[in-house]
Amino acid sequence: LINRELIPVGSIVTVKNPEVDFYRRVLGEVELNGRIINQEMVRQGLVVLYDDGTKKNREKCSEYPKLFEEAKLKKLNIHSDPNFSEPKEFRRTST
């Protein structure tokens, strides 16, 4: 679940640069009151980074790896669990 402090129930958000991926998911930057929620989720250690294997999104997300590493060093949220595995690693080892 998304942290309710980031997006309180009933909030109206804007999805910037929306794209639909292969699985018909809407991908984009979620903005609320001038704040990019995607960045906040990375900063707080609530998500892992997703690299779709293309270079098209790397420029607009260039600060995300730094935020991710900072959250990891601070052991925030998912990074505080010693048993946590990133999804691609989990899928690789659980078959």
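Please refer to the structure placed before this passage.
Just so it is clear, the structure is predicted and the values come from calculations on it, not from any experiment.

*Asks:* Please provide a residue-by-residue account of the packing of aromatic side chains, values included.
*Replies:* If you walk through the whole model with that rule in mind, you get one aromatic pair. Measuring from centroid to centroid gives 5.0 Å for F22 and Y23, while their planes differ by 90 degrees, and the two rings are edge-to-face. A single burial state applies to F22 and to Y23, both of which are exposed.

*Asks:* Residue-level account of the side chain of Q39, with values.
*Replies:* Position of Q39 among the secondary structure elements: in helix α1 (residues 37–43). Using a relative accessible area of 17% as the deciding quantity, one classes Q39 as buried.

*Asks:* Describe the pairing of strand β2 (residues 26–32), with residues and values.
*Replies:* Taken together, the five bridges between strand β1 (residues 14–20) and β2 define a ladder with antiparallel strand orientation. Residue pairing for β2: V15 is matched across the bridge by V30. The turn joining β1 and β2, which pair antiparallel and follow one another in sequence, is formed by five residues; a positive phi near 65 degrees is taken by R24.

*Asks:* Summarise the pattern of salt bridges; cite the residues concerned and give the values.
*Replies:* In this structure the tally under the stated criterion is six salt bridges. For E40, the salt bridge is made with R35, and the minimal N-O distance between the two is 3.7 Å. Here E40 and R43 are joined by a salt bridge, their closest N and O atoms 2.4 Å apart. Taken together, the residues E40 and R43, both in helix α1 and three residues apart, mark about one turn of the helix. You can call R43 partly exposed: its relative accessible area is 36%.

Reading the values: the criteria
Residues numbered from 1 in each chain as written. Predicted model: local features only at pLDDT ≥ 70, side-chain atom pairs only at ≥ 80, totals over all residues. Heavy atoms only, no water. Phe/Tyr/Trp six-rings, centres within 6.5 Å; stacked < 30°, edge-to-face > 60°. Buried < 20%, exposed > 50% of the residue type's maximum accessible area, 1.4 Å probe, protein only. Helix = DSSP H or I, 4+ residues; strand = E, 2+ residues; numbered from the N terminus. Pairing = 2+ DSSP bridges. Salt bridge = Lys/Arg side-chain N within 4 Å of Asp/Glu carboxyl O.

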